[in-house]
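Descriptive structure summary
Chain by chain, the residues:
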Amino acid sequence: MITDYPLLVQQTPQPTLVQRLWHEVAKFGIVGAVSFVVDMGLFNLLVNGAMDSKITTAKIISGAVATGVAWIGNRFWTFRHRRNRPVHHEVALFFLVNGIALGVSALWVAFTHYTLGLDGPVWLNVNAFIGIGLGTLFRFWTYRRFIFSADLEDEENDLALVDRHTPARVD
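Every chain is numbered independently, its residues counted from 1 as its sequence is written. Since the coordinates come from a predicted model, pLDDT governs what is reported: local features require at least 70, and pairs of side-chain atoms require 80 or more to be given and counted, while whole-chain, interface and lining totals use all residues. Hydrogens and waters are ignored; side-chain quantities use all the structure's heavy atoms.

1. Remarks on the pattern of salt bridges
Working definition: two side chains of opposite charge can pair if their charged atoms are close together. So the rule is basically this: Salt bridge criterion: a side-chain nitrogen from Lys or Arg within 4 Å of a carboxyl oxygen from Asp or Glu. Going along the chain from the N terminus, every DSSP run of H or I of four or more residues is numbered as a helix, and every run of E of two or more is numbered as a strand. Buried residues are those whose accessible area, probed at 1.4 Å on protein chains only, stays under 20% of the maximum for their type, while exposed residues exceed 50% and partly exposed ones sit between those limits.
Enumeration over the complete set of coordinates arrives at 1 salt bridge. Here K59 ties to D39 by a salt bridge, and the two come within 2.8 Å at their closest N and O atoms. Here K59, found in helix α2 (residues 55-78), pairs with D39, found in helix α1 (residues 17-47); they are 20 residues apart in sequence, far enough to count as distant. A relative accessible area of 0% means that K59 is categorised as buried.

Structural data, given as structure tokens:
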């Protein structure tokens, strides 16, 4: 039996911009934590092994591997809904931003180790941690704004507009 009455379907509330931002921050944090473990773990393996006299090189290598892990996590999970440019552009921007952040981290470790003489496993780890921390907010802002950027104006409009006159589609 076909009727002319509209089908009433309960609509789930659309997430607000703050809720979507919170989800991105949480996912970014999880990817960052995994990358952090990779970075610190590999750094410690290298400075306590084959690269015990090459602290800066060890930091660059561990940071580069962690950057690869972060790319995969952020591209395919955190910001998967923000694709508006070719992958090769995203990759280039991602590694440029992370190269800058890695440079800051490596310079901090080199400065504290070679100039300030803060040596030993505890100081190396504390300063590697600080170096990583210096780039975290910068990374999130640049990832969201430039690398995995969707048109933020369109995103805000999508969240604000709910057309209640559009017939519901039931599959």
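2. Brief notes about the packing of aromatic side chains
The criterion, for reference: A pair of Phe, Tyr and Trp rings is counted when the ring centres sit within 6.5 Å of each other, with Trp represented by its six-membered ring. The angle between the planes then sorts it: under 30 degrees is stacked, over 60 is edge-to-face, the rest tilted.
Evaluated as defined, the whole model comprises 4 aromatic pairs. Taking the centre distance of 6.2 Å and the plane angle of 40 degrees together, the rings of W108 and F111 count as tilted. A residue pair is termed a helical-turn pair when its members lie 3 or 4 positions apart in one helix, as W108 and F111 do in helix α3 (residues 87-115) at 3 residues. W108 gets classed as partly exposed once you look at its relative accessible area, which sits at 28%. The class of F111 is partly exposed, set by a relative accessible area of 38%. Following the ring pairs from residue to residue traces out a cluster consisting of W71, F94 and F95.

3. A short note on the environment of G29
Tracing the sequence through the fold places G29 in helix α1. Between the C-alpha atom of G29 and that of T136, which follows or precedes it by 107 residues, the distance is 9.3 Å.

4. Things to note about the packing of α1 against helix α4 (residues 121-147)
Two numbers describe a pair of packed helices, the interaxial angle and the distance between the axes. Which entries qualify depends on this criterion: Every angle, taken between N-to-C directions, lies between 0 and 180 degrees, and every axis is a line fitted to C-alpha atoms, over only the stretch in contact when it is a helix. Should the near helix be turned anticlockwise from the far one by less than a right angle, the crossing is left-handed, and should it be turned clockwise, the crossing is right-handed. Whether two residues are in contact is decided by their heavy atoms, any of which lying within 4.5 Å being enough.
Relative orientation of the contacting elements α1 and α4 amounts to 145 degrees, with a least axis distance of 11 Å. In this structure, α1 crosses over α4, and the sense of that crossing is right-handed. Residues L21, E24, V25, F28, F36, D39, M40, F43 and N44 of α1 touch α4, and the partners they reach there are L124, N125, A128, F129, I132, T136, R139, F140, Y143 and R144.

5. A closer look at the confidence of the model for the chain
What counts here: The predictor's confidence in any single residue is recorded as pLDDT, a number from 0 to 100.
Chain-level pLDDT for the chain is 79 on average; 78% of the residues reach the 70-or-more range. Per-element confidence in the chain is highest for α2, whose mean pLDDT is 90, and lowest for helix α5 (residues 152-160), whose mean pLDDT is 48. In the predicted structure, residues 158-169 sits below a pLDDT of 50 and forms 8 contacts with residues beyond four places in sequence or in another chain.

6. Let's talk about a nonpolar patch on the surface
Here is the rule we go by: Every patch collects residues that have over 30% relative accessible area and no salt bridge, joining them within 9 Å if they carry like charges and within 5 Å if they are nonpolar side chains (Val, Leu, Ile, Met, Phe, Trp, Tyr). Per-residue and other accessible areas were derived by the Shrake-Rupley procedure at a 1.4 Å probe size, with only the shown protein chains allowed to occlude residues.
Nonpolar side chains collect at one region of the surface, where L96, I100, V104, V122, W123, V126, F129, I130, L134, F138, W141 and F146 lie side by side and expose about 1200 Å² of accessible area between them. Going through the elements one at a time, α3 and α4 are the ones with two or more residues in the nonpolar patch. In terms of residue count, the dominant contributor to the nonpolar patch is α4 (9 residues).

7. A closer look at the packing of α3 against α4
Test applied: Oblique is the label for any angle not covered by the other classes, which are roughly parallel (under 35 degrees), roughly antiparallel (over 145) and roughly perpendicular (65 to 115).
α4 packs onto α3 with a crossing angle of 160 degrees between their chain directions and a minimal axis gap of 9 Å. When the axes of α3 and α4 are compared, the pair comes out roughly antiparallel. For the element pair α3 and α4, the recorded crossing hand is right-handed.

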